[in-house]
Amino acid sequence: MATLFKNIKELIQVRKESISFVSGKDMNQLPTIKNAFLVVENGLIADYGAMNDCPKNDFSEVIDATGKMILPTWCDSHTHIVYAGNREGEFIDRIKGLTYEEIANRGGGILNSAKKLQETSEENLYEQSKVRLEEVMQLGTGAVEIKSGYGLTVDAELKMLRVIKRLKENYPIEIKATFLGAHAIPEAYKELKNDYLQLLINEALPKIKNENLAEYIDIFCETGYFSVEDTQLMLEAGKQYGLIPKIHVNQFTTIGGVQVGVKHHALSVDHLEEMSDEDINTLKNTKTMPVALPSCSYFLSIPYAPARKMIDAGLPLALATDYNPGSTPSGNMNFVVSTACIKMKMTPEEAINAATINGAYAMGLENKVGSISKGKRANLMLTKPINSYGVIPYSFGTNQIESVFINGVKI
Ligand SMILES: N=CN[C@@H](CCC(=O)O)C(=O)O
Ligand SMILES: [Zn+2]
């Protein structure tokens, strides 16, 4: 059972040597092969090269990609796609002038989504969430991280994580689960934040471990949500249960979240709309991946993560959607890549690296996805006929992906 893709106009993100991620100036290098072939066997990339060297074997399927390009699928390392209902009412409130913060202070925001989720059955939550997962897969996402954090009770957080587990079992793409119980302080614990954190530590974490429901732990380290001390507490507790940190920091204020993340060997620190020079310096020569979420900046009209400054300082950068009902009701990685180029002044090469290999690293999946490398999963995007790969970010809002293959199978 082997499939041959032949006459590929350009095969993009070809990595012969195994790399974990790319940083600084290297982010502007995107290795490609023009007029290429690619062989898929048993769901994995078995071979690739220039058409001159194309094997002449009998293939069970041959796909002629004349005029079209092939890239590894997008790696979306930060989403909240398991949620109930949506918040279009708050969208109207913001159009009329309220800020995200003002809406949250009135009991809207995350608490609004938590209320809806608590009232939704696990079955219904699964049905709503799978529609979003299928939608993003069609848009080219081939690996995704999904967070809890709209439950805000032990039972509702477990409900979310069980839905993520069921998605993992039923869909062919790589899915990683993150426990984000400390996403907001629930109404019932308004003046009892420490009690809420103790509840998460003493009751939720052991159950998560028992049912093997998460790989990562997250917390919203932000003014008005959880402090650096709270973050320290949760990350240390998570570690006792084998959970690696991937945290929300610097969305609205710089309070030391980057430093606490690096100190606890976070796999990623995400958002980074507000970055001090000290934050950038802290991230240098570490294994913590900075993750920018440009669709969130777009939707909330807040600053974009200073990608140029970070990359020019030698840092790596990953791009993700942040798909959620409040700050980013979109899971379109193509839009993320475009917006990173248009608003954050990343080159197409930098943006594609950030949305593939660096995104894979931010989920611990760099050995499985994120590049065209032998032995990696054949998770591929076949473009429409395009002139150059720069057309993908250039033609923002237009889908240039003709088909998506997961483990070599067209979805
Ligand atoms: N900022 C924290 N959490 C989400 C938004 C949550 C919401 O508004 O529902 C984010 O990453 O943007
Ligand atoms: Zn988020």
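This structure is a prediction, so every number in the text was calculated from the model and none was measured.

Participant: I'd love a proper account of the nonpolar core, names of residues and values included.
Facilitator: Judged by nonpolar contacts, the single largest core of 125 residues is most densely connected at Leu38, Ile70, Ala292, Leu319, Val337, Ala340 and Ala355. Shared between two domains, this core takes at least three residues from each, and those domains are domain 1 (2-72 + 371-410) and domain 2 (75-361).

Participant: How would you explain the site of ligand 1 if you had to name every residue and give the values?
Facilitator: Every residue lining ligand 1 is accounted for by Gly109, Ile110, Ser113, Phe220, His248, Gln251, Cys296, Asp322, Asn324, Pro325, Gly326 and Ser327. Counted by class, the shell around ligand 1 contains 4 nonpolar, 7 polar and 1 charged residues.

Participant: Residue-level account of the UniProt feature "binding site: N-formimidoyl-L-glutamate" (unreviewed entry) in the protein, with values.
Facilitator: Per the UniProt annotation, the sites labelled "binding site: N-formimidoyl-L-glutamate" (unreviewed entry) are Tyr150, Asn324 and Gly326. For this annotated set, covering 177 residues, all C-alpha atoms fall within 10.9 Å of each other, a compact arrangement in space. Apart from the residues lying within four places of it in its own chain, the contact partners of Asn324 are His80 and Tyr83. Of note, Gly326 is situated in the loop between strand S13 (318-319) and helix H12 (333-344). Residue classification places Gly326 among the buried residues on the basis of 24 C-beta atoms within 10 Å. When residues no more than four places from it in sequence are discounted, the contact partners of Gly326 are Arg87, Glu90, Gly109, Ile110 and Ser113.

Participant: Which residues make up the UniProt feature "domain: Amidohydrolase-related" (unreviewed entry) in the protein, and what values go with them?
Facilitator: Under the local residue numbering, the UniProt record ascribes the feature "domain: Amidohydrolase-related" (unreviewed entry) to residues 69-409. Taken as a whole, residues 69-409 contains 42% helix and 16% strand, while its terminal C-alpha atoms sit 17 Å from one another.

Participant: I'd love a proper account of the sheet that holds strand S9 (residues 216-221), names of residues and values included.
Facilitator: Across the sheet, 8 strands lie side by side as S6-S7-S8-S9-S10-S11-S12-S13; this open sheet has parallel pairing. Of all strands in the sheet, those with a lone pairing partner are strand S6 (74-76) and S13, marking the two edges. With 4 bridges connecting them, S9 and strand S10 (residues 244-249) associate as parallel partners. Paired with Cys221 across the two strands is Val249, which belongs to S10. Sitting on the sheet, helix H5 (residues 154-170) touches strand S7 (141-147) and strand S8 (174-182), and the angle it makes with S8 is about 175 degrees.

Participant: So, helix H4 (residues 122-138): which residues are in play, and what are the values?
Facilitator: The terminal C-alpha atoms of H4, which comprises 17 residues, lie 24 Å apart, in line with the 24 Å expected from a rise of 1.5 Å per residue. The set of residues buried in H4 consists of Leu125, Ser129, Arg132, Leu133, Val136 and Met137. Angular distribution of buried residues about the axis of H4 spans 135 degrees; they occupy a single face of the element. Those residues of H4 that are exposed and angled more than 90 degrees off the buried face are Glu123, Asn124, Glu127, Val131 and Glu134.

Participant: Hey, could you go over helix H13 (residues 348-355) for me, with residue numbers and the actual values?
Facilitator: With 8 of its 8 residues buried, H13 lies for the most part within the structure. For H13, the set of buried residues is Pro348, Glu349, Glu350, Ala351, Ile352, Asn353, Ala354 and Ala355.

Participant: Which residues make up the packing of helix H6 (residues 193-210) against helix H7 (residues 228-240), and what values do they have?
Facilitator: At a minimum axis separation of 11 Å, H6 and H7 run at an interaxial angle of 10 degrees. Classified by the angle between their axes, H6 and H7 sit roughly parallel to one another. Of the residues in H7, those in contact with Leu197, Ile201 and Leu205 of H6 are Asp230, Leu233, Met234, Ala237 and Gly238. Of the residues contributing to the contact of H6 with H7, the split by class is 6 nonpolar, 1 polar and 1 charged.

Participant: So what's going on with the domain arrangement of the protein? Which residues, and what values?
Facilitator: If you check the domain split of the protein, you get domain 1 (2-72 + 371-410) and domain 2 (75-361). A C-alpha centroid distance of 29 Å is found between domain 1 and domain 2. Facing 26 residues of domain 1, the contacting portion of domain 2 comprises 31 residues. Breaking the side of domain 1 that touches domain 2 down by element, the ones donating at least two residues are helix H15 (391-394) and strand S15 (401-406). Take the side of domain 1 that touches domain 2: its biggest share by element is 3 residues, from S15. Of the residues assigned to the side of domain 1 that touches domain 2, the class counts are 15 nonpolar, 11 polar and no charged.

Participant: Lay out the confidence of the model for the protein with the relevant residues and their values.
Facilitator: Averaged over every residue, the pLDDT of the protein is 97; residues scoring 70 or more account for 100%. Across the interface, the model reports ipTM at 0.98; the global pTM reads 0.97.

Calculation criteria
Residues take numbers from 1 onward in each chain, read along the sequence in its written order. Naming scheme: in the order in which they are written, chains are lettered from A and ligands are numbered from 1. Residues qualify for local features only when their pLDDT is at least 70, as the model is predicted, and side-chain atom pairs are given and counted only at 80 or more; totals for whole chains, interfaces and linings, by contrast, use all residues. By convention the nonpolar core is taken to be a set of buried residues drawn from Ala, Val, Leu, Ile, Met, Phe, Trp, Tyr and Cys and joined through C-beta atoms within 7 Å. To assign burial, the other C-beta atoms lying within 10 Å of each residue's own C-beta are counted, with C-beta atoms placed from the backbone; 20 or more indicates buried, 12 or fewer indicates exposed, and intermediate counts indicate partly exposed. What marks off one domain from the next here is an automatic or database domain assignment. Using a C-beta atom placed from the backbone, a residue is described as near a molecule or strand when that atom lies within 6 Å of it. The residue classification treats Ala, Val, Leu, Ile, Met, Phe, Trp, Tyr, Cys and Pro as nonpolar and Asp, Glu, Lys and Arg as charged. All others, Gly included, are polar. UniProt positions are given in the numbering used here, feature names are shortened, and annotations may be inferred rather than shown by experiment. A pair of residues counts as a contact when their C-beta atoms, built from backbone coordinates, are within 7 Å of each other. Put simply, DSSP marks the helices as runs of H or I at least four residues long and the strands as runs of E at least two long, and each gets a number from the N terminus on. Pairing between strands is defined by DSSP: at least two bridges between them are needed. Axis definition: a line fitted to C-alpha atoms, over the contacting stretch in the case of helices. Angles run 0 to 180 degrees between N-to-C directions. To estimate how far a helix should extend, the number of its residues minus one is multiplied by 1.5 Å. The arc in question is the one spanned by the directions pointing from the helix axis to the C-beta atoms. Roughly parallel covers angles under 35 degrees, roughly antiparallel covers those over 145, roughly perpendicular covers 65 to 115, and oblique covers all other angles. Confidence per residue, as judged by the predictor, is encoded in pLDDT with a range of 0 to 100.

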